[in-house]
Amino acid sequence: MKKTAQRSNRVWSVVMTIVCVLYMYPIFMVLSNSLKVENAISTSTAFELPSADTFAGLDNYVNAISSQGFLSSLFYTTFITVTSVVAILLFCSMFAWYITRVNTRVTKALYLLCAFSMVVPFQMVMFTLSSMADTLKFNTPWTLWIIYLGFGAGLAVFMFCGFMRSVPIDIEESGRIDGANRFQVFTRIVLPLVRPGIVSTAIYVFINAWNEFLYALLLVSSSTKTTLSVAVKTLEGADILNWGSMMAASAIVVLPSIIFFCMIQNKIAGGLADGAVK
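Bear in mind the structure is a predicted one, so any value in this text is a computation, not a measurement.

Remarks on the nonpolar core
Move 1: Of all hydrophobic cores here, the largest spans 30 residues; its most connected members are Cys92, Val157 and Met164.
Move 2: At the level of elements, helix H4 (70-101), helix H5 (105-117), helix H7 (144-164), helix H9 (182-193) and helix H10 (195-211) are the ones that each hand at least two residues to this core.
Move 3: When neighbours within four sequence positions are excluded, valine 157 is seen to be in contact with Cys92, Phe95, Ala96, Ile99 and Cys114.
Move 4: If you look at the next biggest cluster of nonpolar residues, it comprises 14 residues, including Leu129, Ala133, Leu144 and Ala209.

Examining the packing of aromatic side chains
Geometry of an aromatic ring pair is reported as the spacing of the ring centres plus the angle between the planes.
Move 1: Tallying each qualifying case throughout the model produces 9 aromatic pairs.
Move 2: Each ring, one from tryptophan 97 and one from phenylalanine 186, has its centre 5.1 Å from the other, and the planes form 40°; the classification is tilted. One end of the pair, tryptophan 97, is in helix H4; the other, phenylalanine 186, is in helix H9, and 89 residues separate them in sequence.
Move 3: Note on phenylalanine 186: relative accessible area 5%, which makes it buried.

Side note on the pattern of salt bridges
Move 1: Evaluation of the coordinates by the stated rule reveals 1 salt bridge.
Move 2: In this structure, glutamate 172 and arginine 101 form a salt bridge, with 2.8 Å as the shortest nitrogen-oxygen distance. Taken together, the residues span a long stretch of sequence, with glutamate 172 in helix H8 (residues 169-177) and arginine 101 in helix H4 at a distance of 71 residues.
Move 3: Given the relative accessible area of 7%, glutamate 172 is considered buried.

Focus on a nonpolar patch on the surface
Move 1: On the surface, Val11, Trp12, Val15, Met16, Val19, Tyr23 and Met24 cluster together to form a nonpolar patch covering roughly 720 Å² of accessible area.
Move 2: Within the fold, valine 15 resides in helix H1 (residues 2-33).
Move 3: Judged by relative accessible area, which is 35%, valine 15 ranks as partly exposed.

Looking at H10
Along an α-helix, residues three or four apart share an orientation, since each turn contains 3.6 residues.
Move 1: The terminal C-alpha atoms of H10, which comprises 17 residues, lie 24 Å apart, in line with the 24 Å expected from a rise of 1.5 Å per residue.
Move 2: Taken as a whole, H10 has its buried residues at Gly197, Ser200, Thr201, Ala202, Ile203, Val205, Phe206, Ile207, Ala209 and Trp210.

About the thresholds
- Residues numbered from 1 in each chain as written.
- Predicted model: local features only at pLDDT ≥ 70, side-chain atom pairs only at ≥ 80, totals over all residues.
- Heavy atoms only, no water.
- Core = buried A, V, L, I, M, F, W, Y, C linked by side-chain atoms within 4.5 Å.
- Buried < 20%, exposed > 50% of the residue type's maximum accessible area, 1.4 Å probe, protein only.
- Helix = DSSP H or I, 4+ residues; strand = E, 2+ residues; numbered from the N terminus.
- Contact = heavy atoms within 4.5 Å.
- Phe/Tyr/Trp six-rings, centres within 6.5 Å; stacked < 30°, edge-to-face > 60°.
- Salt bridge = Lys/Arg side-chain N within 4 Å of Asp/Glu carboxyl O.
- Patch = residues over 30% accessible without salt bridge, like charges linked within 9 Å, V, L, I, M, F, W, Y side chains within 5 Å.
- Areas by Shrake-Rupley, 256 points an atom, 1.4 Å probe, with all protein chains shown as cover.
- Expected span 1.5 Å × (residues − 1).

These values are about where atoms sit, not about what they do.
Below is the structure:
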């Protein structure tokens, strides 16, 4: 039995290694081509490593960053991502604490609505949401985080509720007896105890907000004030397409989320496991 299990583990290790290579290959090709000259990308040498004749250095990255609107798109993407993370962590943690401590039919219904919202695809409500965003003037990069808050709240509340239920009510009651008000109990007792849930939720919100494309494309009315993902799409639709700048811009968009995920991937798995068990 032990030898069979070891053999099975080796087989699965080989299979998962192959899958990992297949997933990483497109990213590797983008990074490789972002360092080549234009002619080398549009020919058969696109699948080869940069050589002395095709190596362009960082010129493509300089051209991508200096292109019109790229730096402003980087600023808007950073602003939307940061505000989305802060808003979802703040409001959803408070809401999850409320519905886990107030056991009524209303709170149970609210919890089910949050869980149901996770299975509603954006395509089902995109036309209604786009019309509503235009009416309420939410069609700018400054207000896009509100849309992200609405669509990200369901998963965030679901995750926070799993962690909030692990916090003993006796600890909160002890804090109240010692003179702490509700806000102090929440910020000084509850939040430190659900830190793994905060980290896990922040990671998912950051990656989704940074890489999001469809919301920004449909909801933001301005063609010059866009996010990085939409800005890269604009480069693709240009009359004269510079593949080197296109690859460099794509690498700039993708790399931050990949680096961020690799740095804290262990906290994602650990946080989700803790929340599931608790």
